[in-house]
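Chain by chain, the residues:
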Amino acid sequence: MTSSTHKTPPLVLYGALRSGTTLMRLILHAHPDICCPGERDFMTDALRPVGNGLELDPGVLRESRIFLSSGLSMPQQTNGKDAFDSMLAEDRVRDEKPHHILVIHRRLENLLRLYPDIRIIHLVRDPRDVARSSIGMGWAGSTWFGIDHWIRTETNWDKNSAQLTEDQVFFLRYEDLLQTPTKTLTRLCAFVGVPYDPAMLTFSESSTYAPLDPKLSEQWRHKQTEGEVSDVEYKIGDMLTQRGYTPSGVNPRAPSLMRRLTLTMQDKVFVWRVRLKRFGLVDPVVGMVSRRIGLPSLGQSARARMREKQKKYLK
């Protein structure tokens, strides 16, 4: 490994799930000078505030499907910074590329405590499309609930990004990537510190992802009802325009109490139907009961079996 690999600090690709972070990871990793190995939320999820610092919680790593499939070793350090750096160093050893980019969806506060000067690519996708995509993944039964994880990720950004300077952030809209890929990636590469390389757009040749298609922008316009769009725009409020998206023109109204109850029931039934179809009856129920009674060890085997089955639903 070159010494520059050791000295170059990591960058971060930060964005909500279903916002294009996996697609962007593949594009970045196709660059000859960029290593973007995959989702690394476990590196910050496993850190717990203790006093003025952070401490590693190994139990979080033992339950993380992505950590277990990453091939990384369990850190021996208890200090959060040391444990994070240990995982980062091992991650870097696998690739000679000088620039290393971590994909993170949450817990920005932990990352900034470790690296206050870190540079971040903030990837955002139209939340109306994110909500629709969440239903397709089986995570929610309606756009009302399908937008929740986007709200959590972007609220986490709003809460912590004031610590960052303009030079530390590259704001990237998913739709700009689809519409003007070469222009957008050229600007992004300049932020990373590398020249644009056309190889970035060959990602589809070595993955299950299709080439970039501008038609995938604003799918909500023809795939959602006015009521579904209204739900999303009401729930996210000003966050839509703050991220550069234009309101639909639909009147965003709060659902009535009866409709909220209906949406809640619809969501629970939908999500459980998906779980039962994918994992059967026993493992999801055992996992739920073990969490409810505060004995996660009871559901450890069930969760392990579900993690293994979940792999075939991931792209």
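Because the structure is predicted, anything quoted here is derived from the model rather than measured. (Residues numbered from 1 in each chain as written. Predicted model: local features only at pLDDT ≥ 70, side-chain atom pairs only at ≥ 80, totals over all residues. Heavy atoms only, no water.)

(A) Molecular detail of the pattern of salt bridges. Counted by the stated rule, this structure contains 14 salt bridges. Residue Asp41 is joined to Arg106 by a salt bridge in which the shortest nitrogen-to-oxygen separation is 3.7 Å. Pair noted here: Asp41 is in the loop between β2 (34-35) and α3 (42-45) and Arg106 is in the loop between β5 (99-104) and α7 (108-114), with a separation of 65 residues, a long-range link. Between Asp45 and Arg107 there is a salt bridge, with the nearest N and O atoms lying 3.0 Å from each other. With Asp45 in helix α3 and Arg107 in the loop between β5 and α7, this pair connects stretches of sequence that are 62 residues apart. (Salt bridge = Lys/Arg side-chain N within 4 Å of Asp/Glu carboxyl O. Helix = DSSP H or I, 4+ residues; strand = E, 2+ residues; numbered from the N terminus.)

(B) Expanded view of the pairing of strand β1 (residues 11-14). Taking every second residue as pointing to the same face, both faces of β1 are buried, with Leu11 and Leu13 on one and Val12 and Tyr14 on the other. Alignment of β1 against β5, held across four bridges, turns out to be parallel. In the sheet register, Tyr14 faces β5, and the bridge partner there is Ile104. As paired strands, β1 and strand β6 (residues 119-124) are joined by four bridges and run parallel to one another. Within β6, the position partnered with Val12 by the bridge is Ile120. (Buried < 20%, exposed > 50% of the residue type's maximum accessible area, 1.4 Å probe, protein only. Pairing = 2+ DSSP bridges.)

(C) Main features of helix α18 (residues 300-310). Within α18, burial applies to Ala302, Arg303, Met306, Arg307 and Gln310. For α18, the buried positions fall inside an angular range of 135° around the axis, keeping them on one side. Buried residues along α18 sit in contact with α4 (58-62), α5 (65-70), α16 (257-279) and α17 (282-292). (Arc of directions from axis to C-beta. Contact = heavy atoms within 4.5 Å.)

(D) Representation of a nonpolar patch on the surface within the structure. On the surface, Leu276, Leu281, Val282, Val285, Val286, Val289, Ile293, Leu295 and Leu298 cluster together to form a nonpolar patch covering roughly 760 Å² of accessible area. Per element, the largest residue contribution to the nonpolar patch is four residues, and it comes from α17. You can see Leu295 is positioned in the loop between α17 and α18. Judged by its relative accessible area of 43%, Leu295 is partly exposed. (Patch = residues over 30% accessible without salt bridge, like charges linked within 9 Å, V, L, I, M, F, W, Y side chains within 5 Å. Areas by Shrake-Rupley, 256 points an atom, 1.4 Å probe, with all protein chains shown as cover.)

(E) The arrangement of the sheet that holds β1 in detail. If you trace the five strands from one edge of the open sheet to the other, you get β2-β5-β1-β6-β7, paired in parallel fashion. The open sheet has two free edges, formed respectively by β2 and β7 (169-173), since each of these has just one partner strand. Pairing geometry for β6 and β7, over five bridges, is parallel. Bridged to Ile120 within β7 is Val169. Sheet contacts for helix α10 (residues 148-160): β1, β6 and β7; angle to β6, the most-contacted strand, approximately 145°. (Axes fitted to C-alpha atoms, helices over the stretch in contact; angles between N-to-C directions.)

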